[in-house]
Amino acid sequence: MGMTMTQKILAHHAKLDSVRVGQLIMADLDMVLGNDITAPVAINEFPKFGKKTVFDKDKVALVPDHFSPNKDIKAAEQCKALRTFASEHSITNYFDVGQMGIEHALLPEKGLVGAGDLVIGADSHTCTYGALGAFSTGVGSTDMACGMASGQAWFKVPSAIRFNLTGSLNTHVSGKDLILHIIGMIGVDGALYQSMEFRGPGVASLSIDDRFTVANMAIEAGAKNGIFPVDDIALAYLDEHCPRKPVIYEADEDAEYERVIDIDLSKVKSTVSFPHLPSNTRTIDEVGEIKIDQVVIGSCTNGRISDLREAAAILKGHKVAPWARCLIFPATQKIWKQAMNEGLFDIFVDSGCAVSTPTCGPCLGGHMGILAEGERAVSTTNRNFVGRMGHVKSEVYLASPAVAAASAIKGYLADPAKLQEER
Amino acid sequence: MQARGSVFRYGDNVDTDVIIPARYLNTSNHKELAMHCMEDIDSEFIKQVKQGDIIVADKNFGCGSSREHAPIAIKESGVSCVIARTFARIFYRNSLNIGLPILECEEACDGIKAGDVVSVDFSTGIITNETSGKKFQSEPFPSFMQALIQAGGLAPYMVEKGKQA
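Conventions we followed
- Residues numbered from 1 in each chain as written.
- Chains lettered and ligands numbered in written order.
- Predicted model: local features only at pLDDT ≥ 70, side-chain atom pairs only at ≥ 80, totals over all residues.
- Heavy atoms only, no water.
- Helix = DSSP H or I, 4+ residues; strand = E, 2+ residues; numbered from the N terminus.
- Rg over C-alpha atoms; globule rule 2.2 N^0.38 Å.
- Buried < 20%, exposed > 50% of the residue type's maximum accessible area, 1.4 Å probe, protein only.
- Contact = heavy atoms within 4.5 Å.
- Areas by Shrake-Rupley, 256 points an atom, 1.4 Å probe, with all protein chains shown as cover.
- Core = buried A, V, L, I, M, F, W, Y, C linked by side-chain atoms within 4.5 Å.
- Pairing = 2+ DSSP bridges.
- Axes fitted to C-alpha atoms, helices over the stretch in contact; angles between N-to-C directions.
- Phe/Tyr/Trp six-rings, centres within 6.5 Å; stacked < 30°, edge-to-face > 60°.
- Lys NZ or Arg CZ within 6 Å of the ring centre and 35° of its normal.
- Patch = residues over 30% accessible without salt bridge, like charges linked within 9 Å, V, L, I, M, F, W, Y side chains within 5 Å.
- Salt bridge = Lys/Arg side-chain N within 4 Å of Asp/Glu carboxyl O.
- Buried area = accessible area lost by both parts, 1.4 Å probe.
- Polar contact = N/O pair within 3.5 Å; in protein donor to acceptor, adjacent residues only side chain to side chain.
- Nonpolar A, V, L, I, M, F, W, Y, C, P; charged D, E, K, R; others polar.
- Right-handed = clockwise from strand over helix to strand, strands pointing away.

A few words now on the overall build of chain B. The helix and strand inventory of chain B stands at 8 helices and 7 strands. The C-alpha atoms of chain B give 15 Å as radius of gyration, which agrees with the globular expectation for 165 residues (15 Å, within 12%). Seen through its principal axes, chain B has C-alpha atoms that stretch 45 × 40 × 25 Å. Counting every position in chain B, which comprises 165 residues, the buried fraction comes to 62%. Of the contacts formed within chain B by residues at least 6 apart in sequence, a portion of 65% connects residues at least 24 apart. For chain B, the exposed area adds up to about 6,400 Å²; of that, 51% sits on carbon and sulfur atoms.

As a further point, take the nonpolar core. Formed by 169 residues in total, the largest nonpolar core has its most connected members in Phe61(B) and Ile83(B). The element best represented in this core is helix α13 (residues 401-410) of chain A, accounting for 7 residues. What Phe61(B) contacts, discounting residues up to four positions off in sequence, is Val14(B), Ile19(B), Ile55(B), Ile74(B), Val82(B), Ala84(B), Thr86(B), Phe87(B), Ala88(B) and Phe91(B). Residues Ile183(A), Val214(A), Ala218(A) and Leu398(A) belong to the second largest nonpolar core, which totals 39 residues.

This part is about the sheet that holds strand β11 (residues 259-264) of chain A. Residues and elements named next belong to chain A. Pairing is parallel in the open sheet, where 4 strands are placed in the order β10-β9-β8-β11. Bordering the open sheet on either side are β10 (225-227) and β11, each of which pairs with just one other strand. Adjacent strand axes in the sheet meet at a mean angle of 20°, parallel and antiparallel pairs treated alike. Against the sheet, helix α1 (residues 5-13) contacts β9 (195-199) and β10, and its axis sits at roughly 110° relative to β10.

What follows is about the packing of aromatic side chains. Taken as a whole and judged by the stated rule, the model has 14 aromatic pairs over all chains. Their ring planes at 80° and their centres at 5.5 Å tell us that Phe46(A) and Phe85(A) sit as a pair that is edge-to-face. Of this pair, Phe46(A) sits in the loop between α2 (39-45) and β3 (60-63) while Phe85(A) sits in helix α3 (residues 73-88); the two residues are 39 residues apart in sequence, bridging distant segments of the chain. Residue classification places Phe46(A) among the buried residues on the basis of a relative accessible area of 3%. Aromatic pair Phe212(A) and Tyr237(A): ring centres 5.4 Å apart, planes at 75°, arrangement edge-to-face. Taken together, the positions of Phe212(A) in helix α7 (residues 208-216) and Tyr237(A) in helix α8 (residues 232-241) put the pair 25 residues apart, joining distant regions of the chain. Here Phe212(A) matches Tyr237(A) in class, with each residue buried. Joined through ring pairs, the aromatic side chains of Phe61(B), Phe87(B), Phe91(B) and Tyr92(B) make up one cluster. The aromatic ring of Phe67(A) is capped on one face by Lys71(A), whose charged end is 5.0 Å from the ring centroid. Here Arg282(A) stacks its cationic end above the ring of Phe274(A), 4.0 Å away from the centre of that ring.

All right, on to helix α7 (residues 143-151) of chain B then. One full turn of an α-helix is made of 3.6 residues, so residues set three or four places apart face in the same direction. Within α7(B), the full set of buried residues consists of Met145(B), Gln146(B), Leu148(B), Ile149(B) and Ala151(B). Within two residues after α7(B), Gly152(B) carries a phi angle of roughly 105°, on the positive side.

With that settled, the discussion passes to a nonpolar patch on the surface. The grouping of Leu24(A), Met26(A) and Trp154(A) at the surface amounts to a nonpolar patch, some 300 Å² of accessible area in total. Residue Trp154(A) is classed as partly exposed on the basis of its relative accessible area, which comes to 30%.

What follows covers the interface of chain A and chain B. With 46 residues of chain A at the interface, the matching set in chain B holds 37 residues. Summing both partners gives a buried area of about 3,200 Å² for chain A against chain B, and 54% of it is carried by carbon and sulfur. Between Asp143(A) and Arg93(B) there is a salt bridge, and its shortest N-O distance comes to 2.6 Å. Where chain A meets chain B, there are 20 residue pairs in polar contact (both at pLDDT 80 or more). When contributions to the side of chain A that touches chain B are tallied by element, the ones reaching two or more residues are α2, α3, β6 (135-138), α5 (141-150) and β7 (152-156) of chain A. For the side of chain A that touches chain B, the per-class residue count stands at 22 nonpolar, 13 polar and 11 charged.

You can see Ile37(A) is positioned in the loop between β2 (31-35) and α2. Considered as a pair, Ile37(A) and Glu375(A) are 338 residues apart in the sequence and their alpha carbons are 26 Å apart. In contact with Ile37(A), other than residues within four places in its own chain, are His66(A), Phe67(A), Gln78(A), Leu25(B) and His69(B).

Before going further, it helps to spend a moment on the pairing of strand β8 (residues 160-166) of chain A. Residue and element names in this part refer to chain A. Among the 7 residues of β8, 5 are classified as buried, and the element is accordingly described as predominantly covered. Two elements, β8 and β9, share 5 bridges in a ladder whose sense is parallel. Among the inter-strand pairings, Ala 160 is bridged to a residue of β9, identified as Ser 195. Crossover connection from β8 via helix α6 (residues 175-186) to parallel β9: handedness right-handed. Inspection of the sheet shows β8 paired to β11 by 6 bridges, in the parallel sense. Note that in β11 the partner of Thr 166 across the bridge is Asp 264.

With that out of the way, let us pick up unusual backbone geometry. Residue and element names in this part refer to chain A. Cis rather than trans, the peptide bond between Ser 68 and Pro 69 has omega equal to -5°. Looking at the secondary structure, you find Pro 69 in the loop between β3 and α3. Omega for the bond connecting Pro 275 with His 276 falls within 30 degrees of zero, at 0°, which places this linkage in the cis form. Its location among the elements puts His 276 in the loop between β12 (271-273) and β13 (281-283). For Lys 15, which is not glycine, the phi dihedral falls at a positive 55°. Considering the arrangement of structural elements, one finds Lys 15 in the loop between α1 and β1 (24-28). The phi dihedral of His 172 falls on the positive side, at around 70°, and the residue is not glycine. Looking at His 172, the relative accessible area reads 15%, which means it is buried.

As a further point, take the pattern of salt bridges. Here the structure, examined in full by the defined rule, presents 31 salt bridges over all chains. A salt bridge links Asp264(A) to Lys267(A); the shortest N-O distance between them is 3.6 Å. A relative accessible area of 65% places Lys267(A) in the exposed class. Connected through shared salt-bridge partners, Arg9(B), Asp58(B), Arg85(B), Glu106(B) and Asp110(B) make up one network.

What follows is the structure in structure tokens.
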């Protein structure tokens, strides 16, 4: 029987000719990632594995991005633990404030993940790198410690859902709308323990940033990973960023999928996830009148340059509603500088937005944009659980950068296409 | 290997943000984390939980973040076992890796309510609702997983295994 793309990558890294669904394998790792929340726990666990140093100082990445720049003394101690460990073990890929970006935008940008790689990260959104044809998945701190010590991790070979994409997305509709649409359709456990493999002629119409966004939120459907084929668009990105030669795996023609879902991209509408689950979706024409207090544009899901360009194109010449705040978080230093050089910051600041240094802060209710009781935010982030962005009685509406920008202007959840018509 | 205690009962999609809100993740101290366990969906939990108690929930328990702080907070609060219809995959892995036993069992979830006293035998997979007298069969842990949980998690287990080899 044929294998899926994911199964082939797993088999190769386990030095096996083939694998089958449910098989337990021990696989070699190309990269092990941790951040300032998860790595301190892993660093405490690390000595227990009986190794004096990490398996490969070039294959561990430590990124203090969550509560940094340090939000309080405790957070500072956690970041310090990373800094000390990185120094003691001569970790090549440690990125302190100044070089730091949001990990899942930073690693591809630095060329640290490539096609065909097997990556684990102690952060659930590690699945982002599937956009580049890598198998990448989130794990906990103990797995991270074990990975740093041994260069290996065990996996149960997943079955897969195949998403057969056709057509292309309409103006103002992006990868975020596509993945919210999918999560709304299959639910927050719709792909539990499974791979989400995106295939079909529609893939070619998705930009690499759209693919990062889609793969990033595979975890919100419970998936182990999300993965795209390595086509010319992915190769162009890899050629620019990753010095290693891409290793391209393709799903076999007779690969078995538990489910095949056809999606015509031209039918996907701007989509919003209402509180308190990413699967609680409505299309923009069905949202009703939702007055908002805050807009967040950024994160590992939507803090890339094309996201900022999309938001700026909508905000240009308009003001943020007087009762609302709009916070912009470019995901990395490089994206920050690029946005500045393209004049996007002028547009944001003239509109009344605040532009921040890269951080995960507001996405998880850490710092830099916490919500008060009863407040509502439209956010381009990835989760809207109870209390996610602040007070337990606050609300988060997940949306694309275009919807978020339009909502900032209106002060209500708003359709960017309608806003355009009004102009 | 056994667990026994009274039950806290929750529904579908109990996420890691309510198990341990991110605002408390500026520490990895187990006791501090446990003080805020389940706070955002059940403020009574931490006041009432006793050593050995059991959490029973419905679908997709532990969805969301990869934070190992979630099973750590649950284990440190005194909970001896979590039973659910299904678990989110990272939470599942993390729980076993830190030595918190968790079991998937649809029938047990149908037949257990809040406050029931439940016992679990991990070697046979039998879950007994002592309040109602009903028994449920879940998949027993293989012997290596029982050894891993008894050792206190993946790291001590690997070290013990290394010594034996």
